Amino acid sequence: LDEYEQTVEILADGGFRADALRDAAREAWTHRIWRTADLAPSATLPPATQHYLLTAVRTQWFYVLDLIGTAAFGLAGFMRAQRRRYNLWGAFVCTAVPAVGGGTVRDILVGGIRHPPFILKDPNYLAVVLTVVVVGTIVTRLAPTIRETRAFSETLLVFDSIGLSVFAIVGAQVALIAGLSWPYVPLCAAVTAAGGGLLLDVITARPPRAFGGGAPYEGVAIGGALLFLFLLQLAARYEHEPWLVTAAILSTLLVTFAARIVVIKLRIRSYPANLNDAGAFGVVRLFLCRQG
């Protein structure tokens, strides 16, 4: 499809009716016959939808969205360093690990076109981390009490929710573009969104929040990835409508963000694996003990 679109553009640039040529060429192709004849390789997404997804993630607005997610997670890590009164190196590490750690682990696991990891290909991610450290250090020195205010804590939660929403989509699209089967889509989303925080907990000698009974952080990322996959499957039914892929990205972003806010506001907690403490299981166990 890349070569097809390039050919259309070349012909349009040399023709007198460029718009008419582009409109006519828009539906002059189809994969339906190929799929009906069972000649298409088994894949999570059909070629057209995968092409539209790749085109969308290469746009400037999606790239900026990724950088915003990096900054949001980096800010959360920087505040961890501030609370523990780390030096500048400690602040840099605590900022970088949640910002780019999950994506780096994901790229190492995926391999292939993701090697070397994105952090080694694009210096802008490192620049975002350094910017968060420098600006954060200046602000906390000029206004040391700002981190204790309620407004700052709420702002931090909003940025964290933005980072979760963005990284869930980023992780999911990496798995899809790499051609992985569908179960790896939510897995890559969870690793991208929560892997950095898990690494930071290990580095700072803190029990991983992902393993405790806190808010279902990874669960929100997995749910967002599954929603994204579902919307892309719907978009695949209309192979000549690339805007549906963009709509799927934006819809997933908003729904995942809203889900994270709802989890925070309603104080929803992860379901414990310990059956002795699980609500329904605990009631059943108590009833059996009394009967005995």
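Since this is a predicted model, take the numbers as computed values, not measurements.

### Some details on the pattern of salt bridges
Right, so step 1: Scanning all chains against the criterion turns up 4 salt bridges.
Right, so step 2: Note that Arg 80 and Asp 201 form a salt bridge whose closest N and O atoms lie 3.1 Å from each other. Pair noted here: Arg 80 is in helix 5 (residues 60–83) and Asp 201 is in helix 10 (residues 184–203), with a separation of 121 residues, a long-range link.
Right, so step 3: Residue Arg 80 is classed as buried on the basis of its relative accessible area, which comes to 8%.

### Some words on the packing of aromatic side chains
Right, so step 1: If you walk through the whole model with that rule in mind, you get 6 aromatic pairs.
Right, so step 2: Ring geometry for Trp 61 against Phe 62: centres 5.8 Å apart, planes inclined by 80°, an arrangement best described as edge-to-face.
Right, so step 3: Both rings, one in Phe 73 and one in Tyr 217, keep their centres 6.4 Å apart while their planes meet at 35°; by these two values the pair is tilted. Pair noted here: Phe 73 is in helix 5 and Tyr 217 is in helix 11 (residues 217–235), with a separation of 144 residues, a long-range link.
Right, so step 4: We classify Phe 73 as buried; its relative accessible area is 4%.
Right, so step 5: In this structure Tyr 217 comes out as buried when scored by relative accessible area, which is 15%.
Right, so step 6: Pairwise contacts between aromatic rings join Tyr 63, Phe 118 and Tyr 125 into one cluster.

### Brief notes about the layout of surface pockets
Right, so step 1: In this model, the second largest pocket occupies a volume close to 540 Å³.
Right, so step 2: At 5 residues, the largest contribution of residues to the lining of the second largest pocket is made by helix 9 (residues 150–177).
Right, so step 3: Across the lining of the second largest pocket, the residue classes tally to 13 nonpolar, 4 polar and 6 charged.

### A word on the environment of Asp 201
Right, so step 1: On the basis of relative accessibility, which here comes to 2%, the residue Asp 201 falls in the buried class.
Right, so step 2: Remark: the alpha-carbon pair of Asp 201 and Val 97, spanning 104 residues in sequence, is separated by 9.9 Å.
Right, so step 3: If sequence neighbours within four positions are ignored, Asp 201 has contacts with Arg 80, Arg 206, Pro 207, Pro 208 and Arg 209.

### Remarks on the side chain of Ser 161
Right, so step 1: Within the secondary structure layout, Ser 161 lies in helix 9.
Right, so step 2: Residues contacting Ser 161, with those up to four places away along its chain left out, are Phe 257, Arg 260, Ile 261 and Ile 264.

### Description of the confidence of the model for the protein
Right, so step 1: Overall, the prediction assigns the protein a mean pLDDT of 81, with 75% of residues at 70 or greater.
Right, so step 2: Taken as a whole, residues 277–290 scores under 50 in pLDDT and shows 10 contacts with residues more than four places along the chain or in a different chain.

### Focus: the packing of helix 11 against helix 12 (residues 243–265)
Right, so step 1: In the contact formed by helix 11 and helix 12, the axes pass within 9 Å of each other and the chain directions differ by 155°. The angle between the axes of helix 11 and helix 12 places the two elements in the roughly antiparallel class. By crossing handedness, the relation of helix 11 to helix 12 is classed as right-handed. Contacts between helix 11 and helix 12 involve Tyr 217, Val 220, Gly 224, Leu 227, Phe 228, Leu 231, Leu 232 and Ala 235 on the former and, on the latter, Leu 244, Val 245, Ala 248, Ile 249, Ser 251, Thr 252, Val 255, Thr 256, Ala 259, Arg 260 and Val 263.
Right, so step 2: Its residues assigned to classes, the contact of helix 11 with helix 12 comprises 14 nonpolar, 4 polar and 1 charged.

### A look at the nonpolar core
Right, so step 1: Core analysis: the largest hydrophobic core is formed by 40 residues, its most contacted members being Leu 53, Leu 164, Leu 176, Phe 228, Leu 232 and Ile 249.
Right, so step 2: Those elements that place two or more of their residues in this core are helix 4 (47–57), helix 5, helix 9, helix 10, helix 11 and helix 12.
Right, so step 3: Among the elements that line this core, the one with the most residues is helix 9, at 11 residues.
Right, so step 4: If sequence neighbours within four positions are ignored, Leu 164 has contacts with Phe 73, Ala 193, Tyr 217, Val 220, Ala 221 and Arg 260.
Right, so step 5: By size, the runner-up hydrophobic cluster in this structure holds 20 residues, among which are Phe 92, Ala 96, Ala 99 and Val 129.

What counts as what
Residues numbered from 1 in each chain as written. Predicted model: local features only at pLDDT ≥ 70, side-chain atom pairs only at ≥ 80, totals over all residues. Heavy atoms only, no water. Salt bridge = Lys/Arg side-chain N within 4 Å of Asp/Glu carboxyl O. Helix = DSSP H or I, 4+ residues; strand = E, 2+ residues; numbered from the N terminus. Buried < 20%, exposed > 50% of the residue type's maximum accessible area, 1.4 Å probe, protein only. Phe/Tyr/Trp six-rings, centres within 6.5 Å; stacked < 30°, edge-to-face > 60°. 1 Å grid on protein atoms, 1.4 Å probe; cavity = no way out; pocket = protein on both sides within 12 Å on 5 of 7 lines; lining within 4 Å. Points joined across faces, edges and corners; volume = space filled by probe spheres on them. Nonpolar A, V, L, I, M, F, W, Y, C, P; charged D, E, K, R; others polar. Contact = heavy atoms within 4.5 Å. pLDDT = per-residue confidence, 0-100. Axes fitted to C-alpha atoms, helices over the stretch in contact; angles between N-to-C directions. Parallel < 35°, antiparallel > 145°, perpendicular 65-115°, else oblique. Left-handed = near helix turned anticlockwise from the far one by under 90°. Core = buried A, V, L, I, M, F, W, Y, C linked by side-chain atoms within 4.5 Å.

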